[in-house]
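# Observations on the three-dimensional arrangement
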Amino acid sequence: MTEMPSSRRSAFQVLTGVFSLPAGARLGAGPTIAALVLALIVLASICAPLYVPYDPLAMDAMSRLRPPSDEFLLGTDPYGRDIFSRVMTGGRVSLLIGIGAAIVSVAVGLVIGLLAGFFRAADGIIMRIMDSLMAIPAILLAIALVALNGPSLSSVIIAITIPEVPRVVRLVRSVVLSAREEPYVEAAIALGSSMPKILIQHLMPNTLAPLIVQGTYICASAILIEAILSFLGAGVSTEIPTWGNIMAEGRSYFQIKPGLIFWPGLLLSLCILCINLLGDTARDLLDPRMKKREG
Amino acid sequence: MFGYILKRLLATIPVLLIVAVFVFLLLRLTPGDPAAILAGDAATPAQLERIRDRLGLNDPLLVQFVTWFGQMLKGDLGTSLISNTDVVDMVSDRLGPTINIALMTIVISVLLAVPMGVIAAWRHRTWIDFAVMSFSVLGFSVPVFVIGYILIQIFAIELRWVPVQGYASPSDGIGAFFSRAILPSLTLATIYVALIARMTRASMLEVLGEDYIRTARAKGVRENVVLFRHALRNAAVPILTIIGTGFALLISGVVVTESVFNIPGIGRLTVDAILARDYPVIQAMILLTAGIYVLVNLIVDVSYSFFDPRIRY
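A quick note: this is a predicted structure, and the numbers were derived from the prediction, not measured.

There is a patch of nonpolar side chains on the surface, built from Val111, Leu115, Phe119 and Met195 of chain A and spanning about 310 Å² of accessible area. Along the chain, Val111 of chain A falls in helix α4 (residues 83-118).

Here you go:
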């Protein structure tokens, strides 16, 4: 029996293959800067407890709504908490939700998409359900889910994940549908390989590249949706500082303390911008055909 | 053509049916007692019983569904758990502001985004192209409400050109309406413009490389005719598609924008209902928005043949 080249690669080989640049290609300045800025924001968020000057939760009635000064870099909020400490700490939960939602939606979408793409019988039903889910606006569905399941971290991640899953399923299914016609898959079926083996070893590696791209976009949109959920009062419990929660508290004080919305908003937008730029770069690298079209 | 529309209309039925089942199960399959979730922590047993009674939660699941679905087909979506008013009335009272703002947003978005995309593709790899692309990446990255507050800060607080918040219907005077609707519409339009401009540019780039464009230019057709009549018409289908699928973004944006600008539309109604756990209203809103989304995409599909006569149904 001869080797089946395109499917007999380890996950590691596939991954390094995915990220190696084509010969002669160079990353432009944009993606490099984006990666650096993002790394800086992530690092600053993770290490926040090491360097922020105040406890982000400590209220102080004596120093409410202070302007920015040497003592309080960005001033204080209506409860006398240091805004700088809160914004830097807030990134941790926001990023966690983004990454968590991306991983969960990709994992769930991958399984459902593989099944839909491979089993004709299941395809029709699964895709109708996915179409219906896509017809419900993501934000509405997410706030309804959080309102019913409570404002815990896991319930927010689930609420953000459910509307994203159909997009992943569609993507995986379309990749599987074209890959299953390839001779090596037909050969594997003819040789009597077991179903899980065909799915995991032969079909799944094809979905890896598009899923990495999709995963970055989901991560960006999850951070955005977390902020919107918190803003509408349906996010993580208000005791936990997240970018969304800080901005939500800033709503009623917008005219006297715009910084409560602008600083977390700036950091969040910068973060999403970088993730989106990296996603675009990854897409261009992984799918040269796309690059040509987008210019 | 008519047969095609009918076929497509019929095809939306299973989608809407699954949405209905989903909305129905959303509350019933939530872990815990649905009545307790809706009533909140401070509910008395009598209140819980009243909610169970109102929503028929004591019946078997299938009976509940058949009753609920039957009433829905008759146009009865129940009454609000909070205000006891009819849900259909509540929603139709609030529909006006939302429709006006949404229409204004779509008009602004298309008028801005399509020329932006066309020019970016026409002047490919110049600073104009770069500016348009930067704007469209930025538009995706800034949360809708942050854009809203930035616009309020600049135009309402610093420049004092328009009121900070509120809404006036066009019947109260066109000036009053526009001065209050312009900021929410611009806020909502940002992400939509980003989406449409990006797609227009991509689609135009592809078309501008075609032979017939070179032919048109070679025989001396004026450049704006080449761009807007020859190229744009052929680039229209993906643009229309993105306007349709982007409609979900618009609906989500409405929910946020109406909260920022204090507009009494269905977005505010939905957020208030969700926070108060007024389930009949939540149900109605999810069904309505899903219905609108499906309908808009149906209209978009049908309009393809208008822009591209090669598509026949």
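Moving on from the model shown.
Attention shifts here to the interface of chain B and chain A. Think of interface size as the accessible area that goes away when the parts come together; that is how it is often given. Facing the 51 residues of chain B at the interface are 45 residues of chain A. In this assembly, chain B packs against chain A so that about 3,900 Å² is buried in total across both faces, 75% of it on carbon and sulfur atoms. Where chain B touches chain A, the interface holds one salt bridge. Between Arg198 of chain B and Asp280 of chain A there is a salt bridge; the shortest N-O distance is 3.4 Å. Between the two partners, chain B and chain A, sit four residue pairs in polar contact (both at pLDDT 80 or more). Among the elements that line the side of chain B that touches chain A, the one with the most residues is helix α13 (residues 279-307) of chain B, at eight residues. Class assignment of the residues belonging to the side of chain B that touches chain A gives a composition of 38 nonpolar, eight polar and five charged.

Below, the discussion takes up the packing of aromatic side chains. To describe a pair of aromatic rings, one takes the distance between the centres and the angle between the planes. Taken as a whole and judged by the stated rule, the model has twelve aromatic pairs over all chains. Residues Phe231 of chain A and Tyr149 of chain B carry aromatic rings whose centres are separated by 6.2 Å and whose planes lie at 70 degrees to one another, so their mutual orientation is edge-to-face. Placement of the pair is Phe231 of chain A in helix α9 (residues 195-231) and Tyr149 of chain B in helix α7 (residues 144-158), with the two residues belonging to separate chains. Classification of Phe231 of chain A as buried rests on a relative accessible area of 2%. On the accessibility criterion, Tyr149 of chain B (4% relative accessible area) is buried. Put simply, the rings of Phe231, Phe254 and Phe262 of chain A together with Phe145 and Tyr149 of chain B pair up and form one aromatic cluster. For the cation-ring pair, Arg180 of chain A lies above Phe118 of chain A, with the distance from its terminal atom to the ring centre recorded as 5.0 Å. Against the face of Trp122 of chain B rests Arg123 of chain B, its NZ or CZ located 4.0 Å from the ring centre.

Cross-referencing UniProt, the feature "domain: ABC transmembrane type-1" (unreviewed entry) maps to residues 95-300 of chain B in the present numbering. From the first C-alpha to the last, residues 95-300 of chain B spans 22 Å; its make-up is 83% helix and 0% strand.

Parameters at a glance
Residues numbered from 1 in each chain as written. Chains lettered and ligands numbered in written order. Predicted model: local features only at pLDDT ≥ 70, side-chain atom pairs only at ≥ 80, totals over all residues. Heavy atoms only, no water. Patch = residues over 30% accessible without salt bridge, like charges linked within 9 Å, V, L, I, M, F, W, Y side chains within 5 Å. Areas by Shrake-Rupley, 256 points an atom, 1.4 Å probe, with all protein chains shown as cover. Salt bridge = Lys/Arg side-chain N within 4 Å of Asp/Glu carboxyl O. Helix = DSSP H or I, 4+ residues; strand = E, 2+ residues; numbered from the N terminus. Contact = heavy atoms within 4.5 Å. Buried area = accessible area lost by both parts, 1.4 Å probe. Polar contact = N/O pair within 3.5 Å; in protein donor to acceptor, adjacent residues only side chain to side chain. Nonpolar A, V, L, I, M, F, W, Y, C, P; charged D, E, K, R; others polar. Phe/Tyr/Trp six-rings, centres within 6.5 Å; stacked < 30°, edge-to-face > 60°. Buried < 20%, exposed > 50% of the residue type's maximum accessible area, 1.4 Å probe, protein only. Lys NZ or Arg CZ within 6 Å of the ring centre and 35° of its normal. UniProt positions renumbered as here; feature names shortened; annotations may be inferred.

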